[in-house]
Amino acid sequence: MRFIRVLSAAFLVLAALTAVGAGQAGAQPLSAAGIGIAQVGENCANIGNGDVCIRVGAVSNGRADITVWYDKHSGSPVTIRLRYGGNGSGVDEGQFTISAGQVRGYIWRGVYLLNGCYVGQIMTGPPPNYTPLVNGGYVCY
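One structure accompanies this document, and this report is about it. Only a predicted model underlies this, so the values are computations on that prediction, with no experimental measurement involved.

## Quick look at the pattern of salt bridges
A complete count under the given rule lists three salt bridges for this structure. Across the pair Glu-42 and Arg-55 runs a salt bridge whose closest N-O atoms are separated by 2.7 Å. Of the two residues, Glu-42 is situated in strand E2 (residues 39–46) and Arg-55 in strand E3 (residues 50–57); the sequence distance between them amounts to 13 residues. Judged by its relative accessible area of 23%, Glu-42 falls in the partly exposed class. Residue Arg-55 is classed as buried on the basis of its relative accessible area of 5%. The salt bridge partner of Arg-81 is Asp-92, with a shortest N-O separation of 2.9 Å. Placement of the pair is Arg-81 in strand E5 (residues 78–86) and Asp-92 in the loop between strand E6 (90–91) and strand E7 (96–98), with a sequence separation of 11 residues. The burial state of Arg-81 is the same as that of Asp-92; both residues are buried.

Analysis parameters
- The residue numbering used here restarts from 1 in each chain and proceeds along that chain's sequence as written.
- Totals for whole chains, interfaces and linings use all residues, but because this is a predicted model, local features are given only for residues with pLDDT of at least 70 and pairs of side-chain atoms are given and counted only at 80 or more.
- With hydrogens and water stripped out, all remaining heavy atoms of the structure feed into the side-chain values.
- Salt bridges are defined as contacts in which a side-chain nitrogen from Lys or Arg sits within 4 Å of a carboxyl oxygen from Asp or Glu.
- By definition, any uninterrupted DSSP run of H or I lasting at least four residues is a helix, any uninterrupted run of E lasting at least two residues is a strand, and each is numbered from the N terminus.
- For the exposure calls, accessible area comes from a 1.4 Å probe over protein chains only, and a residue counts as buried if that area is under 20% of its type's maximum, exposed if over 50%, partly exposed in between.

As structure tokens, this is what we get:
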């Protein structure tokens, strides 16, 4: 039953995401590409006003897709960036503003995985560094 709820939530998240920015190669707005069901794992963590989630897709030749999204439930609009951290890291395609009730995310295709854990993060500070980081869910490989 939990798997069906997670799968349903994943499809709802995918349907709700919109494209943001352009820039860094490798990151792709989720609205531009579907995601597969096979995966290493998925995890979300509530950060007080929403959930920051990560999904590591099925591994093929040591590579997998990594997806990070933010489901903002409450609070004032904020300007943030998304990233994944851990053994390697990737930063989204640019800052965006998100309001309560919105879900935004990115997918990085063909990331070479090292053994260890990967965490979904939002970068909350001012540009250019956007620090501090807020950690969300994590998946270990």
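So much for the structure itself; the text now carries on.
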